Amino acid sequence: MSEQRRAERLDQPREPRGVKLPRFDPEAFGRWSEGIARGMGTANFIVYMTVVIAAWFGWNTLAPANLRFDPYTFTFLTLVLSLQASYAAPLILLAQNRQTDRDRVALEEDRRRAGMQKADTEYLAREVAALRIALGEVATRDFLRSELARLAEELDEAAQRRQKLERRQQGRPSPRGGPHLDEPLDEMDGDIARGGRPEGPAEPR
């Protein structure tokens, strides 16, 4: 008695007293029902059932009277077909319910993946927009070409001004009276007087 009390657990419900029904695996029974429903939904099942019924009719109609096990009105055949229909309908419904559950799980998985893909697409779109903004601040090839062309023009202009300045310095007469060139001199040189004569020491009278 003490061992029985010791075996009882207060944190677990008692098992119901009475007739215990046999337990079975719902998953295995569901797979079995799907197999039956899948087999009954084929053309082979219809052909085989038609052949069996035709043979049943032929035997119970054409065979000798003492060998007929289901004479006309075919009561036993009607009972067999009724039992088949009564079991086939629940099996087909069970298979459809399992297929519906699988479709719901697949739909939820597709929805979850679609949400993840949407989030990834939005993230990539933001990254592409950030890259476009960053590239907008970077010098492009055309911009570099235009800047280099402008710099080359400025260098050419500076070189031309330097050459003109060197020519003017070479064509300017020396203070002791060097060779005079025909190149015109501007007012900045300061070597030509306002009267058109070169400035120099006054001549003795």
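Right above here is the structure, for reference.
So, here's what we can say about the structure. Predicted model, so just to flag it, every value in this text is computed and none were measured.

Turning to its location among the elements, Met 40 is positioned in helix α2 (residues 26-40). Given the relative accessible area of 21%, Met 40 is considered partly exposed. If we skip the residues at most four places from it in the chain, Met 40 touches Phe 45, Gln 84 and Ala 88.

Turning next to the packing of α2 against helix α4 (residues 75-136). Relative orientation and spacing of two packed helices are given, respectively, by the angle between their axes and the distance between those axes. Where α2 meets α4, the closest approach of the two axes is 8 Å, and the angle between their N-to-C directions is 115°. Taken together, the axis directions place α2 and α4 in an arrangement best described as roughly perpendicular. As for the relative orientation of α2 and α4, their crossing is left-handed in sense. Touching Pro 26, Glu 27, Phe 29, Gly 30, Arg 31, Trp 32, Ser 33, Glu 34, Ile 36, Ala 37 and Met 40 of α2 are Gln 84, Ala 88, Leu 91, Ile 92, Leu 94, Ala 95, Arg 98, Gln 99 and Arg 102, all from α4. Its residues placed into classes, the contact of α2 with α4 shows eleven nonpolar, four polar and five charged.

Within the secondary structure, Asn 60 is located in helix α3 (residues 43-62). Of the polar contacts made by the side chain of Asn 60, one reaches the backbone nitrogen of Phe 69; its length is 3.3 Å. Beyond its immediate stretch of four places on either side in the chain, Asn 60 contacts Arg 68, Phe 69, Asp 70, Pro 71 and Phe 74.

Mapped onto the fold, Phe 29 is located in helix α2. Judged by relative accessible area, Phe 29 falls into the partly exposed class, the value being 34%. Each residue touching Phe 29, except ones within four places of it in the same chain, is listed here: Phe 24, Leu 91 and Leu 94.

So, about the pattern of salt bridges. This model, assessed by the stated rule, comprises nine salt bridges. The shortest N-O distance in the salt bridge between Arg 31 and Glu 27 comes to 3.9 Å. Of this pair, Arg 31 and Glu 27 both sit in helix α2, four residues apart, which is roughly one turn of that helix. By relative accessible area, which is 40% here, Glu 27 ends up partly exposed. The partner of Glu 34 in a salt bridge is Arg 98, and the shortest N-O contact between them spans 2.9 Å. On the criterion of sequence distance, the pair formed by Glu 34 in helix α2 and Arg 98 in helix α4 is long-range, its members being 64 residues apart. As far as the burial class goes, Glu 34 and Arg 98 line up, both buried.

Analysis parameters
Residues numbered from 1 in each chain as written. Predicted model: local features only at pLDDT ≥ 70, side-chain atom pairs only at ≥ 80, totals over all residues. Heavy atoms only, no water. Helix = DSSP H or I, 4+ residues; strand = E, 2+ residues; numbered from the N terminus. Buried < 20%, exposed > 50% of the residue type's maximum accessible area, 1.4 Å probe, protein only. Contact = heavy atoms within 4.5 Å. Axes fitted to C-alpha atoms, helices over the stretch in contact; angles between N-to-C directions. Parallel < 35°, antiparallel > 145°, perpendicular 65-115°, else oblique. Left-handed = near helix turned anticlockwise from the far one by under 90°. Nonpolar A, V, L, I, M, F, W, Y, C, P; charged D, E, K, R; others polar. Polar contact = N/O pair within 3.5 Å; in protein donor to acceptor, adjacent residues only side chain to side chain. Salt bridge = Lys/Arg side-chain N within 4 Å of Asp/Glu carboxyl O.

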